[in-house]
2 protein chains.
Amino acid sequence: MSNSKLYKGSLTTIILKLLNEHDKMYGYEITQKVKALTKGELKITEGALYPALHKLEAEGLLDVEVAKVDNRLRKYYKLTETGTKETVNKLEELAEYIKTMQTLVNPKLV
Amino acid sequence: MSNSKLYKGSLTTIILKLLNEHDKMYGYEITQKVKALTKGELKITEGALYPALHKLEAEGLLDVEVAKVDNRLRKYYKLTETGTKETVNKLEELAEYIKTMQTLVNPKLV
DNA sequence: TTCTTATACATAAGAAAATTATGCATATAT
DNA sequence: ATATATGCATAATTTTCTTATGTATAAGAA
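Residues numbered from 1 in each chain as written. Chains lettered and ligands numbered in written order. Predicted model: local features only at pLDDT ≥ 70, side-chain atom pairs only at ≥ 80, totals over all residues. Heavy atoms only, no water.

1. Description of helix α2 (residues 27–37) of chain A
Convention followed: Exposure is judged per residue with a 1.4 Å probe applied to protein chains only, and the accessible area is read against the type maximum: over 50% gives exposed, under 20% gives buried, and values in between give partly exposed. Here a strand is any run of E in DSSP of at least two residues, a helix any run of H or I of at least four, and the numbering for each starts at the N terminus. It is the directions from the helix axis to the C-beta atoms whose arc is reported. Residue contacts follow a heavy-atom distance rule, with two residues in contact if any of their heavy atoms lie within 4.5 Å.
Of all the residues in α2(A), the buried ones are G27(A), I30(A), T31(A) and V34(A). The buried residues of α2(A) occupy an angular sector of 100° when projected down its axis, which confines them to one face. Exposed residues lying more than 90 degrees from the buried face of α2(A) are Y28(A) and A36(A). Where α2(A) is buried, its residues contact α1 (10–22), β1 (24–26), α3 (46–58) and β3 (72–79) of chain A together with α4 (81–105) of chain B. At the C-terminal side of α2(A), K39(A) shows a positive phi close to 55°.

Printed below as a string of structure tokens:
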């Protein structure tokens, strides 16, 4: 992310969630999707994204499939079975975190 | 934090918000307050807390006042004027971040 | 009385995850 | 021709956290 504050650990969750919804995506597509969904508020940098994708692949959460489109390389990533399960966990963790932060930061509403 | 996933940047916001509500607090008190408010879900470690407090002080967001209670040292921190302004910013950032994450993670509800 | 737990601070080493800065290559639009 | 967009990648650095220590006093349990 360039301009806005990405909180540590968020990126993995974002990637997994997007892949959970879109079946298969390639890196550049993910950066554009995030930009579009957040109306430009969140910009994923390649320096963060590609190492994160590689790590998820190494951990067995993602599978890769290389394709050539318009003479340009694309690496399509998709969730493995393990990755799908982990996505559920990550989303629960995020929801939990948000709830906790709201408790701390806005105690009257909780 | 020990057990649960603290997201990067959260700690500063938590500290500022607590000081915004409680006028002055000392380090140990902050750890206990967070533990109590979150029912043990979030545990701030000293290794994270004290350096964070020192940094906020160095940045001019906090003032320190040393006290001796029961023959034990306490360092009371309170917000400076700048710190109070920055608290507002940090809280807005957090709210924005939560909104953004919900957009990404639960797009149908937004 | 000794040992554990709680209170209260601090720092150092290391890990994790980002930012920033590059680099390469092709395609399209100006 | 040149800039912008598409598409990948990595290295250096920074930030922020965890884990592991260390010091010291007080209170409670064995």
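2. As for the sheet that holds strand β2 (residues 62–69) of chain A
Residue and element names in this part refer to chain A. Heads up, the rule is: Think of it this way: DSSP has to see at least two bridges between two strands before they count as a pair. Only the contacting stretch of a helix is used when fitting its axis, a line to C-alpha atoms as for every element, and angles between N-to-C directions run 0 to 180 degrees.
On the basis of which strands lie adjacent, the open sheet formed by 3 strands has the order β1-β3-β2 and antiparallel pairing. Pairing within the sheet leaves two strands with one partner each, and these edge strands are β1 and β2. Averaged over neighbouring strand pairs, the angle between their axes works out to 35° when direction is ignored. Where β1 meets β3, 3 bridges bridge the pair, whose relative direction is antiparallel. The residue bridging Y26 from the neighbouring strand is Y76, located in β3. Together, β2 and β3 form the strand contacts of α3, whose direction differs from that of β2 by roughly 125°.

3. As for the interface of chain A and chain B
Selection criterion: A 1.4 Å probe defines the accessible area here, and the buried area is the portion of it lost by two parts on being joined, summed over both. As a working rule, the residues Ala, Val, Leu, Ile, Met, Phe, Trp, Tyr, Cys and Pro are called nonpolar, Asp, Glu, Lys and Arg charged, and the rest polar, with Gly in that last group.
Contact residues are listed per partner, giving 28 residues for chain A and 28 residues for chain B. Summed over both partners, the interface of chain A with chain B comes to about 2800 Å²; 72% of that surface belongs to carbon and sulfur atoms. When the buried surface of chain A facing chain B is broken down by residue, Y7(A), Y97(A) and L104(A) rank first, second and third, together holding 24% of it. Going through the elements one at a time, α1, α2 and α4 (81–105) of chain A are the ones with two or more residues in the side of chain A that touches chain B. Among the elements that make up the side of chain A that touches chain B, the one with the highest residue count is α4(A) (12 residues). For the side of chain A that touches chain B, the per-class residue count stands at 14 nonpolar, 7 polar and 7 charged.

4. A look at the relation of the copies chain A and chain B
As a reminder of what qualifies: Our superposition of the copies is a least-squares fit, built on the C-alpha atoms of residues whose pLDDT is at least 70 in both.
For the match of chain A to chain B, the screw axis carries a shift of 0.0 Å, the RMSD comes to 0.1 Å, and the turn is 179°. What the rotation and shift describe, once combined, is the action of a two-fold rotation axis. No C-alpha of chain A approaches the rotation axis more nearly than that of K8(A), which lies at 2.1 Å.

5. A short note on the packing of aromatic side chains
Defined as follows: Whether two aromatic rings pair depends on their centres lying within 6.5 Å, for rings of Phe, Tyr and Trp, where Trp uses its six-membered ring; planes under 30 degrees apart make the pair stacked, over 60 edge-to-face, and the rest tilted. The criterion is that NZ of a Lys, or CZ of an Arg, lies within 6 Å of the ring centre and within 35 degrees of the ring normal, and then a charge sits over that ring.
Following the criterion strictly, the structure yields 2 aromatic pairs over all chains and no others. For the ring pair Y26(A) and Y76(A), a centre distance of 5.3 Å and an interplane angle of 75° mean the geometry is edge-to-face. Note that Y26(A) is positioned in strand β1 and Y76(A) in strand β3, a separation of 50 residues in sequence. Just as Y26(A) is buried, Y76(A) falls in that class too. The ring of Y76(B) has K24(B) lying over it, and the distance from NZ or CZ to the ring centre is 4.5 Å.

6. Quick notes on the pairing of β3(A)
On any regular strand, side chains alternate: one points to one face of the sheet, the next to the other face. Residues and elements named next belong to chain A. In terms of strand pairing, β2 meets β3 through 8 bridges, oriented antiparallel. Within β3, the position partnered with E65 by the bridge is Y76. Linking two consecutive strands that pair antiparallel, namely β2 and β3, is a turn of 2 residues; a positive phi of about 55° is found at D70 within it.

7. Things to note about the sheet that holds strand β3 (residues 72–79) of chain B
Residues and elements named next belong to chain B. One open sheet accounts for 3 strands, arranged β1-β3-β2; its pairing is antiparallel. Looking at the sheet topology across the chains shown, the edges are occupied by β1 (24–26) and β2 (62–69). When strand polarity is set aside, the average angle formed by the axes of neighbouring strands in this sheet is 35°. The sheet contacts of helix α2 (residues 27–37) involve β1 and β3, and relative to β1 the element is tilted by about 95°.

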